[in-house]
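# Tertiary structure, described
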Amino acid sequence: MEMIIKAALSLFAPAPLLAIVAGTMGGVIIGAIPGLTATMAVALLIPVTFGMNPVVGLALMGGVYSGGMFGGAISSILLSTPGTPAAAATALDGYPMTRKGKGGVAITIATVASFWGGIISTLALLLVAPVLAKFSLRFGPPENFLLAVMGLTSIVTLTSGNLLKGLISGVIGLLIASIGMDPMDAYPRFAGSVPELFDGVKDIPALIGLFSVSQLLDLTGEASIVQELTADVSTLKDNKMPKGLMPTIARGGLIGTIVGMLPGAGATISAFISYNTAKSIDKEPETFGRGNPKGVAAAESANNGCVGGSLVPMLTLGIPGNSVAACLMGGLTINNLIPGPELFTKYGTITYGFILSLFLANIVFLFLGIYLAPFFARISTAPNSLLVPAIAVLSVVGSFAMRNMMFDVWTMLAFGVGGYFLHRMGFDLGAVVLGLILGHITEEGFGGALAISNGSPAIFFTRPLCIALWVLIILLLLPAFRKKKKMA
Amino acid sequence: MNKKTVSVLSGAAGVLLAGAIYSKVLKFPAYAVHASQYVKFLLAVMAVLCLLLIVASLRSVDTNKPQWMKAPGAFTATVAMTLVYVLSLKYIGFYAASTVYMLVLAFLLGLRRPLLLLVSTAALLALVYGVFVRFLGVPLPLGIFEEFSFADVPGSLAKARAALALL
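Residues numbered from 1 in each chain as written. Chains lettered and ligands numbered in written order. Predicted model: local features only at pLDDT ≥ 70, side-chain atom pairs only at ≥ 80, totals over all residues.

### What about the overall build of chain A?
The criterion, for reference: Only DSSP runs of H or I reaching four residues or more are called helices, and only runs of E reaching two or more are called strands; each is numbered from the N terminus. To sort residues by burial, count the other C-beta atoms lying within 10 Å of each one's C-beta; a count of 20 or more means buried, 12 or fewer means exposed, and anything in between means partly exposed. C-beta atoms are built from the backbone. Contacts here follow a simple rule: the backbone-placed C-beta atoms of the two residues must lie within 7 Å.
Helix and strand counts for chain A stand at 20 helices and 2 strands. The principal-axis extents of the C-alpha atoms in chain A amount to approximately 60 × 60 × 50 Å. Here chain A holds 488 residues, and the buried ones make up 64% of them. Of the contacts formed within chain A by residues at least 6 apart in sequence, a portion of 80% connects residues at least 24 apart.

Here it is as structure tokens:
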């Protein structure tokens, strides 16, 4: 406790506070720009923070991480262009809200949900990190596979139209994810003589194409994104938080924290699981995908819940929960801070200072989001004749910036035009994205588990955690199938 | 073509695609057992789902026509301009190509507010330059302007003068 107080006091100096504010603001901007991820920004900051006081350097990186995770929601809600893959689930209800002239409300919900998600996970990190880390170590390949399956079950609840087309869309995503070196034999599947494909189809260009480009092609036939703008334009500035969202937010924060701790899982899968759960247990599931505030709250609380979650195994065991946590670990090690028990004893002031800086980063983006929501929302009233070329330019830069390759720009365009026509044929682009993102985890978990069990699939049904995950999967699927049957 | 026919045809296309990919998988080398097993499983699921889609669609009575494009002219202009834009990046570079693309496409889509368009284009390109080029060091393609480095303004001006003198 004494160490926590010391750490808190060390933060209340101009340099750390400035680092938190600047890092969070920078993170929000980077997160909102398609193609730029928090991983990229934190990785770039490692050499910058090298000469800094460790508390200031880590606070800067923590601010970028928290801000970046929230920033992805802004473009996702306003332009259906997820700034980061983790914000893909946010677009499902956030963009329909913008179309109804409620972009300001959607951003406010995303801000508050992200704030509470971040606070819940940081509290978990602060209070029970060592216990949680031990639990996360019990997840092996079979459990990771079932976790990915749990994410894939979202397809059933995500699909609002033809369920068969939704499932086919998910398989299309999984097949696209299978392009490139397979994780077990390292055989370059379907890559032909294109070396850029040996590493597989990159998530970001595909995501930008499927969500952003296909959407902008749709917008060419309309004057403005907002479709149901009432005579009173001031409704756009409305950013009042709807009531009754706290249970969804709390649940999302917990899901994000738990899934975030599991190496390889990450914010995207947790956002979809949280969205799926919220839809499955809601009394009006048919309103999801059409601008239900709970959809935004569920997705955003979960992806920000991953921030603290991913740091639990990183700080305690040296196992990063995701790629940003891996970069942050780099930031720790260049300061000679080796993950493990010593971080919480010998270097407790720095470690707890870093954890407490995440609380402050959450407060910074809470203010930024709430006060700037009405201004951000005005983007949705800009004429489409201006937005369409502007989004296209950002999509091109965002795709190119991942690997500095024109190949990724062409990939993005192919996914955009292909996705547009798939959508017009009644297929679900959200399900394609889900398959694409979860494909790697699914295959690695599947292959790894069978390698452990010498090819016996019984491993998926005998381990206690696997059984618990099967129960959860069935519980998530049952209501969705019942409702689909009723509708039929 | 109505929605029912589109669904039947897309199901049939899915089955054919699964078959075509399967024939490719059969040619995988013997050591790539895991690589082929996983894909074979996915292809089997895909084929079954597509067959079910065909059966379900044949039973359905949905004779509505799908709306492929809301405004065919604007759609075609956007796709064509975007293709030309991406192709031209290599030759005239990001900044010149993006400026022309923004101005021409916005005009084609009906924007008639030159000041708004010019300010927005400049602001967007400035944002891209600040965040992507200066902060992240992304080497955006410069095409024929490659020689005119922003880091060496006097040198670039001298080169520009020399180029103008040649004209």
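### Here's the deal with the overall build of chain B
When you go through chain B residue by residue, the secondary structure sums to 5 helices and 0 strands. Start at the N end of chain B and walk to the C end: the helices and strands fall as α-α-α-α-α. Within chain B, the proportion of its 167 residues that are buried is 22%. Expressed as a percentage of contacts within chain B between residues at least 6 apart in sequence, the contacts between residues at least 24 apart total 65%.

### Describing helix α1 (residues 3-25) of chain B
Helical geometry note: an α-helix holds 3.6 residues per turn, so side chains three or four residues apart project in the same direction. Using the following cut-off: Expected span, for any helix, means 1.5 Å times one less than how many residues it has.
Compared with the 33 Å implied by 1.5 Å per residue over 23 residues, the 32 Å span of α1(B) between its first and last C-alpha is a close match. Restricting attention to buried positions, one finds in α1(B) the residues B:Ser7, B:Ser10, B:Gly11, B:Gly14, B:Ala18 and B:Ile21. For α1(B), the secondary structure elements touched by its buried residues are α9 (163-177) of chain A together with α2 (33-59) of chain B.

### Here's the deal with the interface of chain B and chain A
Reports often express the size of an interface as the amount of accessible area lost when the parts come together. Note the threshold: Polar here means any residue outside two lists: the nonpolar Ala, Val, Leu, Ile, Met, Phe, Trp, Tyr, Cys and Pro, and the charged Asp, Glu, Lys and Arg; Gly therefore counts as polar.
With 51 residues of chain B at the contact, the number on the chain A side is 44 residues. Secondary-structure elements contributing two or more residues to the side of chain B that touches chain A are α1, α2, α3 (72-108) and α4 (114-135) of chain B. Tallied by class, residues from the side of chain B that touches chain A come to 39 nonpolar, 9 polar and 3 charged.

### Here's the deal with unusual backbone geometry
Residues and elements named next belong to chain A. Positive phi outside glycine occurs at phenylalanine 190, with the angle close to 50°. Within the secondary structure layout, phenylalanine 190 lies in the loop between β2 (188-189) and α10 (203-219). With 17 C-beta atoms counted inside 10 Å, the residue phenylalanine 190 sits in the partly exposed group. One non-glycine residue with positive phi stands out, namely asparagine 404, at about 55°. Within the fold, asparagine 404 resides in the loop between α16 (384-403) and α17 (406-424).

### A short note on the confidence of the model for chain A
Residue and element names in this part refer to chain A. Note the following rule: pLDDT measures the predictor's confidence residue by residue and takes values from 0 up to 100.
For chain A, per-residue confidence averages 83 on the pLDDT scale, and residues scoring 70 or more make up 92% of the total. Per-residue pLDDT, averaged within each element of chain A, yields its smallest value for helix α8 (residues 154-158) (72) and its largest for α17 (93). Under a pLDDT of 50 for its full length, residues 229-233 has, in the predicted model, 3 contacts with residues more than four places off or in other chains.

### A short note on the nonpolar core
As a reminder of what qualifies: For our purposes the nonpolar core covers buried Ala, Val, Leu, Ile, Met, Phe, Trp, Tyr and Cys residues that link as a set through C-beta atoms within 7 Å. How far each domain reaches was decided by an automatic or database domain assignment.
Ranked by internal contacts, the top residues of the largest apolar core, which has 194 residues, are A:Val42, A:Ile168, A:Leu328 and B:Met46. Mapped onto the domain boundaries, this core takes at least three residues apiece from domain 1 (3-59) and domain 2 (72-166) of chain B. Discounting chain neighbours no more than four positions away, the residues touching A:Leu328 are A:Val42, A:Met61, A:Tyr65 and A:Met314.

### Looking at the packing of α16(A) against α3(B)
For clarity, the threshold we go by: Axis definition: a line fitted to C-alpha atoms, limited for helices to the stretch in contact. Angles are taken between N-to-C directions and run from 0 to 180 degrees. Small angles under 35 degrees read as roughly parallel and large ones over 145 as roughly antiparallel, with 65 to 115 read as roughly perpendicular and the rest as oblique. Each crossing is labelled by how the near helix is turned from the far one, with a counterclockwise turn of less than a right angle marking it left-handed and a clockwise turn marking it right-handed.
For the pair α16(A) and α3(B), interaxial distance at closest approach is 9 Å and the crossing angle is 150°. One finds that α16(A) runs roughly antiparallel with respect to α3(B). α3(B) is crossed by α16(A), and the crossing has right-handed handedness. On α3(B), the residues that touch A:Ser385, A:Leu386, A:Val388, A:Pro389, A:Ala390, A:Ala392, A:Val393 and A:Val396 of α16(A) are B:Thr78, B:Thr82, B:Val86, B:Ser98, B:Tyr101, B:Met102, B:Leu105 and B:Ala106. Partitioning the contact of α16(A) with α3(B) into residue classes produces 12 nonpolar, 4 polar and no charged.

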